[in-house]
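Residue-level structural notes
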Amino acid sequence: MSIMANRTITISLGILLGIAAIALLGPWVSPNDYTSTNFDRLLSSPSFKGLHLFGTDDLGRDQFVRTMLGVRVTLLVAIVASLVSLIIGVAYGAIAGLVGGRVDAVMMRMVDTLYALPFIFFVILLMVAFERNFLLIFVAIGAVNWLDMARIVRGQTLSLREREFVEAARLGGAGMLRIVTRHIAPNLVGIVVVYVTLTIPQAILVESFLSFLGLGVQEPQTSLGALVDAGVNQMERASWMLLIPATLLAVILLCFNFLGDGLRDYFDARHTS
Amino acid sequence: MSLLDVSGLTVRYGDDTVVDGVDIFVERGESVGIVGESGSGKSQSVLAILGLLPGSARVAGSVEFDGQQLLGADIDTLNQVRARRIGVVFQDPAQALNPYVRIGTQLAQVLISHGLAGKADAPARVIDMLDKVGLPDAASQYRAYPHQLSGGMRQRVMIASALIAEPDLLIADEPTTALDVTVQAQILELLEDIRDNTALLLITHDLGIVAGYCEHMIVLEQGRVVDAGQTTSLFAAPRHAHTRSLIAAAPRVDRGEAPIAVAGKTRLSVSDAVIDYGNLRAVNEVGLTVRESETVAVVGESGSGKSSLVRAVLGLVPMVSGRVVYAGEPLTGPVERRSLAVRRDLQLVYQDPVGALDPQMRVRDIVAEPLLIHAPRLGAAERRRRVAAMLDLVGLGEALLHRFPHELSGGQAQRVAIGRALILDPSVLICDEAVAALDGTVRDQVLELLRDVQRETGLSIIFISHDLAVVRSISHRVLVMYMGRLVELAGNASLFSSPRHPYTRALLDAVPVPDPVAVRKPPPLRGEVPSLLHPPAGCVFHPRCRYAEARCSAERPKVRDVEGTRVACHLAERLAL
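In this numbering scheme, every chain counts its residues from 1 along its sequence in written order. Written order determines the labels here, with chains lettered from A and ligands numbered from 1. The model is predicted, so local features are restricted to residues of pLDDT at least 70 and side-chain atom pairs to those at 80 or more, both for listing and for counting; the totals for chains, interfaces and linings are taken over all residues. The side-chain values count all of the structure's non-hydrogen atoms but skip hydrogen atoms and water molecules.

1. Thoughts on the overall build of chain B
Numbering of helices and strands runs from the N terminus; a helix is a DSSP stretch of H or I covering at least four residues, while a strand is a stretch of E covering at least two. Helices and strands together make up the secondary structure of chain B, namely 21 helices and 22 strands. Note that the radius of gyration is over C-alpha atoms, with the globule rule given as 2.2 Å times the number of residues to the power 0.38. Expected size for 577 residues packed as a compact globule is a radius of gyration near 25 Å; at 25 Å, chain B falls within 12% of this value. For the C-alpha atoms alone, the extent of chain B along its principal axes is close to 70 × 65 × 45 Å. Counting the 577 residues in chain B, one finds 55% classified as buried. In what follows, a contact means two residues having at least one pair of non-hydrogen atoms within 4.5 Å. Once local pairs closer than 6 in sequence are excluded, the contacts in chain B between residues at least 24 apart make up 67%. If you sum the accessible surface of chain B, you get close to 24100 Å²; carbon and sulfur atoms cover 49% of it. The charged-residue count follows a simple rule in which Lys and Arg add positive charge and Asp and Glu add negative charge, with His and chain termini not counted at all. Positions of charges follow a simple convention, taking NZ of Lys, CZ of Arg, CG of Asp or CD of Glu. Treating the 60 positive side-chain charges of chain B as one cloud and the 67 negative ones as another, the clouds have centres 6 Å apart. The buried label applies to any residue whose accessible area, calculated with a 1.4 Å probe on protein chains only, is under 20% of its type's maximum; exposed applies above 50%, and partly exposed to all values in between. Here the Shrake-Rupley method, with its probe set to 1.4 Å, supplies the accessible areas, and only the displayed protein chains count as covering residues.

2. Observations regarding empty space enclosed by the protein
Here a cavity is any set of points on a 1 Å grid over the protein atoms alone where a 1.4 Å probe fits but cannot get out, and a pocket is any open set with protein on both sides within 12 Å along at least 5 of 7 lines; a residue lines the site when it has an atom within 4 Å of a point. Grid points are joined across faces, edges and corners, and a volume is the space filled by probe spheres set on the points. Counted under the stated rule, the structure contains six cavities of 30 Å³ or more. The computed volume of the largest cavity comes to approximately 100 Å³. Lining the largest cavity we find Phe165, Ala168, Ala169, Leu171 and Gly172 of chain A together with Gln347, Leu348, Glu369, Pro370, Ile373, Arg420 and Ala421 of chain B. Secondary-structure elements contributing two or more residues to the lining of the largest cavity are helix H6 (164-171) of chain A together with strand E16 (346-349), helix H14 (363-374) and helix H16 (410-422) of chain B. Per-element tally for the lining of the largest cavity: the top contributor is H6 of chain A, with four residues.

3. Remarks on the packing of aromatic side chains
All names here are of chain B. To pair, rings of Phe, Tyr and Trp, with the six-membered ring standing in for Trp, must have centres within 6.5 Å; the planes then decide the type, stacked if under 30 degrees apart, edge-to-face if over 60, and tilted in the middle. The tally for this structure, following the rule as stated, stands at five aromatic pairs over all chains. Aromatic pair Tyr482 and Phe541: ring centres 5.2 Å apart, planes at 85°, arrangement edge-to-face. Here Tyr482 is found in strand E19 (residues 477-482), whereas its partner Phe541 is found in the loop between helix H20 (502-510) and helix H21 (550-554), with 59 residues between them in sequence. An aromatic cluster of three or more residues is present, and its members are Tyr482, Tyr503 and Phe541.

4. Description of unusual backbone geometry
Residue and element names in this part refer to chain B. Of note in the backbone geometry, Ser293 takes a positive phi value of approximately 60° without being a glycine. Mapped onto the secondary structure, Ser293 falls in the loop between strand E12 (280-291) and strand E13 (295-299). Phi is positive for Glu563, which is not a glycine, with a value near 50°. As for its position among the elements, Glu563 is in the loop between strand E21 (560-562) and strand E22 (565-567).

5. A closer look at the nonpolar core
All names here are of chain B. Each nonpolar core is a collection of buried residues, namely Ala, Val, Leu, Ile, Met, Phe, Trp, Tyr and Cys, held together in the definition by side-chain atoms within 4.5 Å. Judged by nonpolar contacts, the single largest core of 68 residues is most densely connected at Leu429 and Phe463. The dominant element in this core, judged by the number of residues it contributes, is H16, at six residues. Excluding its chain neighbours within four sequence positions, the residues that come into contact with Phe463 are Thr295, Val296, Ala297, Val298, Cys431, Val435, Leu447, Leu450, Val470, Val471 and Ile474. Listed in part, the 52 residues of the second largest apolar core include Leu135, Ala211, Met217 and Leu246.

6. A word on the sheet that holds E16 of chain B
Residue and element names in this part refer to chain B. For two strands to count as paired, DSSP must find a minimum of two bridges between them. With mixed pairing, eight strands are arranged side by side in an open sheet as E16-E17-E18-E13-E19-E20-E22-E21. At either end of the open sheet lies a strand with only one pairing partner, and these are E16 and E21. For this sheet, the mean inter-axis angle between neighbouring strands, taken without regard to orientation, is 20°. Sheet topology note: the E19/strand E20 (residues 485-491) ladder contains six bridges and is antiparallel. Note on E20: the bridge partner recorded for Tyr482 is Arg485. Between the N-to-C directions of two axes lies an angle of 0 to 180 degrees, each axis being a line fitted to C-alpha atoms and, for a helix, fitted only over the stretch in contact. Its contacts with the sheet put H16 on E16 and strand E17 (428-432), and the angle it makes with E16 is roughly 175°.

7. Examining the packing of helix H4 (residues 103-113) of chain B against helix H7 (residues 151-163) of chain B
Residue and element names in this part refer to chain B. Orientation of H4 relative to H7, taken along the N-to-C sense of each, is 20°, at an axis distance of 9 Å. Accordingly, the angle class assigned to the pair H4 and H7 is roughly parallel. Handedness of the H4/H7 crossing: right-handed. Mapping the contact onto sequence places Ile103, Leu107 and Val110 in H4 and Val157, Ala160 and Ser161 in H7. Class assignment for the residues of the contact of H4 with H7 results in five nonpolar, one polar and no charged. By definition in this entry, angles of less than 35 degrees are roughly parallel, angles greater than 145 are roughly antiparallel, angles of 65 to 115 are roughly perpendicular, and the rest are oblique. For a crossing to be left-handed, the near helix must be turned anticlockwise from the far one by less than a right angle; the clockwise case is right-handed. Residue type decides the class: Asp, Glu, Lys and Arg count as charged, Ala, Val, Leu, Ile, Met, Phe, Trp, Tyr, Cys and Pro as nonpolar, and the leftover types, Gly among them, as polar.

8. Some words on the pairing of strand E3 (residues 31-35) of chain B
Residue and element names in this part refer to chain B. Taking burial as the measure, the five residues of E3 include five buried ones, the bulk of the element. Because side chains alternate across E3, one face comprises the buried residues Ser31, Gly33 and Val35, and the other comprises Val32 and Ile34, equally buried. Sheet topology note: the E3/strand E8 (residues 199-204) ladder contains five bridges and is parallel. By the bridge assignment for E8, Gly33 is matched with Leu202. Pairing geometry for E3 and strand E9 (residues 216-221), over four bridges, is parallel. Counterpart to Gly33 in the pairing with E9 is Met217.

9. As for the interface of chain B and chain A
Residue-level contacts link 26 residues of chain B with 20 residues of chain A. Buried area: the accessible area, evaluated with a 1.4 Å probe, that two parts lose upon being put together, summed over both parts. Both faces combined, the contact of chain B with chain A buries some 2200 Å², and carbon together with sulfur accounts for 48% of it. As a salt-bridge pair, Glu369 of chain B and Arg178 of chain A come within 3.1 Å of each other at their nearest N and O atoms. When contributions to the side of chain B that touches chain A are tallied by element, the ones reaching two or more residues are helix H12 (306-314), helix H13 (340-345), E16 and H14 of chain B. In the side of chain B that touches chain A, the residues fall into 13 nonpolar, five polar and eight charged. In what follows, salt bridge is the name for a side-chain nitrogen of Lys or Arg lying within 4 Å of a carboxyl oxygen of Asp or Glu.

10. Observations regarding the environment of Gly72 of chain B
Secondary-structure assignment places Gly72 of chain B in the loop between strand E5 (68-69) and helix H2 (75-81). Placed ten residues apart in sequence, Gly72 of chain B and Ser62 of chain B show a C-alpha to C-alpha distance of 9.3 Å.

11. Brief notes about the environment of Glu221 of chain B
All names here are of chain B. By secondary structure assignment, the location of Glu221 is in strand E9. As a C-alpha pair, Glu221 and Thr243 span 22 residues in sequence and 9.1 Å in three-dimensional space. For Glu221, the residues in contact, after removing those within four places along its chain, are Ser40, Val226, His240 and His242. Each polar contact in these results corresponds to two N or O atoms within 3.5 Å; when the atoms are within protein, one needs to be able to donate a hydrogen and the other to accept it, and residues that are neighboring in sequence are counted only if both atoms are side-chain atoms. Within the structure, the side chain of Glu221 is placed 3.4 Å from the side chain of His242, a separation counted as a polar contact.

12. Some remarks on the confidence of the model for chain A
Scored from 0 to 100, pLDDT reflects the predictor's confidence in each residue. The pLDDT averaged across chain A works out to 85; a share of 95% of its residues lies at or above 70. Across chain A, the element-wise mean pLDDT spans from 76 in helix H4 (residues 119-129) of chain A up to 92 in helix H3 (residues 101-116) of chain A.

13. What about the pattern of salt bridges?
Residues and elements named next belong to chain B. Tallied over the entire structure, the rule returns 33 salt bridges over all chains. Two residues, Arg544 and Glu301, come together in a salt bridge whose shortest N-O distance is 4.0 Å. You can see Arg544 sitting in the loop between H20 and H21 and its partner Glu301 sitting in the loop between E13 and H12, a full 243 residues away along the chain. Close ionic contact of Asp561 with Arg566 constitutes a salt bridge, the shortest N to O distance being 3.4 Å. Residue classification places Asp561 among the exposed residues on the basis of a relative accessible area of 52%.

14. Some remarks on a nonpolar patch on the surface
Among the surface-exposed residues, Leu24, Leu25, Trp28 and Val29 of chain A lie close enough to one another that they form a single nonpolar patch of about 520 Å² accessible area. Of note, Val29 of chain A is situated in helix H1 (residues 7-29). The residues that make up patches have over 30% relative accessible area and no salt bridge, and they are joined within 9 Å when like-charged or within 5 Å when they are Val, Leu, Ile, Met, Phe, Trp or Tyr.

15. Observations concerning the pairing of E17 of chain B
All names here are of chain B. Summarising burial for E17: five of the five residues are buried, a large majority. The two faces of E17 match: Val428, Ile430 and Asp432 on one face and Leu429 and Cys431 on the other face are all buried. Two strands pair when backbone bridges link them, and E16 and E17 are joined in this way by four bridges, in the parallel orientation. The residue bridging Leu346 from the neighbouring strand is Val428, located in E17.

See the structure below:
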């Protein structure tokens, strides 16, 4: 079965790519830019006049360009943070699961300890301790998200290691390297891919939350979370400032969730009869 | 009017027709068997009769029970009929009982919900029923949870719950498939004794069970009824070719030609093997030798230690003590520490072929992998040639080369697993229940393949099985194990015609014979295998042995030679079994 035969995957991936394409090209095509203010047009509603498709904010800046910029930042944070959690989580979990025994016990108790830290507090501390830095947000979110990934990969590795086909490979003379690269890793791919698509929305939410608190990206840069924050302050006078970024955020989150569900179904259908 | 009158029953999933115009008649008090291989639609038919199919199934035809149409009936009507008038026993009692509710409460619930007893008098009737199905100490077991009972006891509870409302029809879907053979004999006997005037519809893949316990039989193939009639006349004169091949493929434990004994060099020997799992002794001083071109079967019920023994030989579980000698060299340590040459020579085939094949690899890569490890300098073209030749040998076409394991049938997957084991030209092949999951005709083909390879290459085979009829047809010598101990080790002919140990005799008597005119023997053993954590003193078999004497419970019998048979029984010389 081709992966595109799955409608959930096709549709959600299509919407996500569409949003990403507009976010990349939109600001470039638009005559407006994200920093210039226009005090003649404060809080004007969406219109084709001056091509303010999403209206303007309380400083008269074009909301369309700012929203697209927010989408870029949000997607970037999500993907980089997920990559960070993917790399740390898979490596850590796979080593714990493969080596097993005492090493596994120590490694997993460390994960349990980290779980016990209130992680928002942890991120806020990081933000305060270091200069506010675009990059730090990625690292902070990724460094927190990898815990779940490590647990999942470790559990899966442990159960794969006991499966009969791995035992058959051991009997056949396969060494550790071959077992890991040919038998364990390929069987991990499905669950890891699915889990990554499910951590992306988490990372987006965390970034939005931090930005909403004012701890995320700083002006004049923006993200969907920061835009929603600004929109909330103006929601009685300029509802579009809240509704448009909030809707986009919701659509992106839903698409990633559906993509994860679709991928899970796809891998299930392919390898269990 | 028939009690159950099913006509033109059809079940479809999308374009897939799994049951195609099936007719089933069951008269009051009679027993009808439905037989067929996997995928023949026998279970689907039963689920359709009971209205238990998932919503995606489209069902057509007519299911009349005592004049009442069940197909399309509303849920209240169905619930009135099910349990009250039709009792059901499924294959796996562990899944059919609620693990959080005491068994007595579950049974009482059946009575109370159908208004057959009040809260006050239900327990007494439940205990009475549990007693009838042979649950020892029924009054105290009333308060037991399902997990506290053995598989056989749970199945007794299921039968009790199916019969407690005194239904007119009992439907049993593979009721003994998950059970050991001596327990199976007890359950089948119970089903027959207890049902009085209840009609029985028994679904099974085992012709021996139909021959012994059903007056009428229906043969299904690919969703269609191909043969139906009285069991005795169908066995005597099967009308359809499929019925003939089913009967021909059914192995018989009561007769058969023993493979001619071989006298090659000893290839592999195990002596005094002891294997512990924590404080549980799974294998206790068992020895075994295998010669060139020889098949040695290891038989026993679950918990007998047969799998542990061969896993220790392969270095997958450690031995506490004992020796394994292969080709004159001692084998020690886990498999990873053994030389590649040894690992090439000893190969294993598993019971579940799909689980033993990497789901992410294609057939060609699975079969080629041992070559990559053991002959890395082989060219890609030569490797492809050998893989193709091996698939040809195990009877699979080139079309399968690019398939994934889940795209194969059970028989095909098992051939791939055998191909992977044989591609390095091993000298010892260990088959751990390798044909247990296969249908009769496929099983015969796989066994024939093993014989052919053995004839050509002098392969030694250790054949682990719980199925004595299959063992009779393939093995040169047989090792019988019970509770981790050697019970009897003898040549095929002498073991099957004149066993020396009462347990061997009991195992043989417990196997249903696929012949309705053969004399059916009463269940040879009462009770079940004791816990390995608390093995009986003296001979471990004495609590279930009908010949046991005072000495048997006091003194552990040594393994000794009696007329060429290795046997562990004090009475071996005296008993005429």
